[in-house]
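The chain contents come next:
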Amino acid sequence: MRLGKLGLVCVLASVTSLANAEQAVSQDVKMINLAHQSGCVTCHAISGAGKGPNGLKPIGPAWQDVAKKYGSDPDAKAALVTTVLNGSSPYQSHWKGEVSGFAMPPNSVVLNEEQADELVGWILHLAD
Ligand code: HEC
């Protein structure tokens, strides 16, 4: 099912005649692939109020909500890249009450700084 959706995006990308749109779509595909490969989607949805297991709140915040919260803050990106690589502190939860996860584990074992930077940059524009 995951591949089916990505396949559809690829088809859309190849039939569009607008170079810009094609570029934007291929960046979406690249980032969605990276998020899947890195395991982010186990805990994060891209949009919507997806439910976690047993009807609990989702484990991590939907990335469109992350974009709404930080998208207008120019300093947010660097801090979020660090959080993605090193994990978050359960004592300084930024999403308390909104998600069922207490903290994010470090992700530096699955993606490098350059990839984290590109992924966070993409996430921060999801509310546009
Ligand atoms: C095991 C579950 C889990 C995985 C895997 C995970 N996250 Fe998270 N993520 C969370 C939780 C829980 C939070 C909320 C932390 C908080 O409340 O401060 C979070 C928060 C975030 C935030 C917002 C941080 C903040 O300070 O508000 C971003 C951005 C993010 N994750 C991106 C990612 C990316 C990119 C990946 C994959 C490389 C990823 N996450 C993988 C659970 C996860």
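Before reading further, recall that the structure is shown in the block above.
About the criteria used
Residues numbered from 1 in each chain as written. Predicted model: local features only at pLDDT ≥ 70, side-chain atom pairs only at ≥ 80, totals over all residues. Heavy atoms only, no water. Helix = DSSP H or I, 4+ residues; strand = E, 2+ residues; numbered from the N terminus. Buried < 20%, exposed > 50% of the residue type's maximum accessible area, 1.4 Å probe, protein only. Contact = heavy atoms within 4.5 Å. 1 Å grid on protein atoms, 1.4 Å probe; cavity = no way out; pocket = protein on both sides within 12 Å on 5 of 7 lines; lining within 4 Å. Points joined across faces, edges and corners; volume = space filled by probe spheres on them. Nonpolar A, V, L, I, M, F, W, Y, C, P; charged D, E, K, R; others polar. Near = heavy atom within 4 Å. Polar contact = N/O pair within 3.5 Å; in protein donor to acceptor, adjacent residues only side chain to side chain. Sits in = over half its atoms within 2 Å of the grid points. Donors = N, O, S within 2.8 Å, 3.2 Å for Na, K, Ca; no water. Tetrahedral: all angles 85-135°; square planar, octahedral: opposite > 155°, others 65-115°. Salt bridge = Lys/Arg side-chain N within 4 Å of Asp/Glu carboxyl O.

Describing the overall build of the protein
From N to C terminus, the protein includes five helices and zero strands. Each helix and strand of the protein, placed in order from N terminus to C terminus, yields the pattern α-α-α-α-α. Among the 128 residues that make up the protein, the fraction classed as buried is 28%. In the protein, the share of contacts with a sequence separation of at least 24, taken over all contacts with a separation of at least 6, comes to 59%.

A short note on the layout of surface pockets
Empty space within the largest pocket amounts to approximately 670 Å³. Around the largest pocket, the lining comprises 32 residues; the ones closest to its centre are H44, P61, T83, S88 and M104. When residues of the lining of the largest pocket are traced back to their parent elements, those giving at least two are helix 3 (63-70), helix 4 (76-86) and helix 5 (113-123). Among the elements that line the lining of the largest pocket, the one with the most residues is helix 5, at four residues. Partitioning the lining of the largest pocket into residue classes produces 20 nonpolar, 12 polar and no charged.

Looking at the site of the ligand
Contacts to the ligand come from 24 residues, most closely from C40, C43, H44, Y70 and M104. In the model, an oxygen atom of the ligand is placed 2.7 Å from a nitrogen or oxygen of the W95 side chain. In this structure, the ligand is accommodated by the largest pocket. Counting only elements with at least two residues in the shell around the ligand, the list comes to helix 3 and helix 4. Here the shell around the ligand takes three residues from helix 3, the largest share from any one element. Residue composition of the shell around the ligand, grouped by class: 15 nonpolar, nine polar and no charged.

Here we look at the coordination of the iron atom of the ligand
Taken together, the protein ligands of the iron atom of the ligand are H44 (NE2) and M104 (SD), with distances of 2.0 to 2.1 Å. One can describe the site at the iron atom of the ligand as octahedral: its six donor atoms subtend angles covering 85 to 179° at the metal. Of the two residues, H44 sits in the loop between helix 2 (19-37) and helix 3 while M104 sits in the loop between helix 4 and helix 5, which places them 60 residues apart along the sequence. By relative accessible area, M104 is classed as partly exposed at 24%.

A closer look at the pattern of salt bridges
Here the structure, examined in full by the defined rule, presents three salt bridges. Between K30 and E118 there is a salt bridge, and its shortest N-O distance comes to 2.8 Å. One end of the pair, K30, is in helix 2; the other, E118, is in helix 5, with 88 residues separating them in the sequence. For K30, a relative accessible area of 44% corresponds to the partly exposed category. The residue K77 makes a salt bridge to D117 at a minimum N-O spacing of 3.2 Å. With K77 in helix 4 and D117 in helix 5, this residue pair connects regions lying 40 residues apart in the sequence. By relative accessible area, K77 is classed as partly exposed at 29%.

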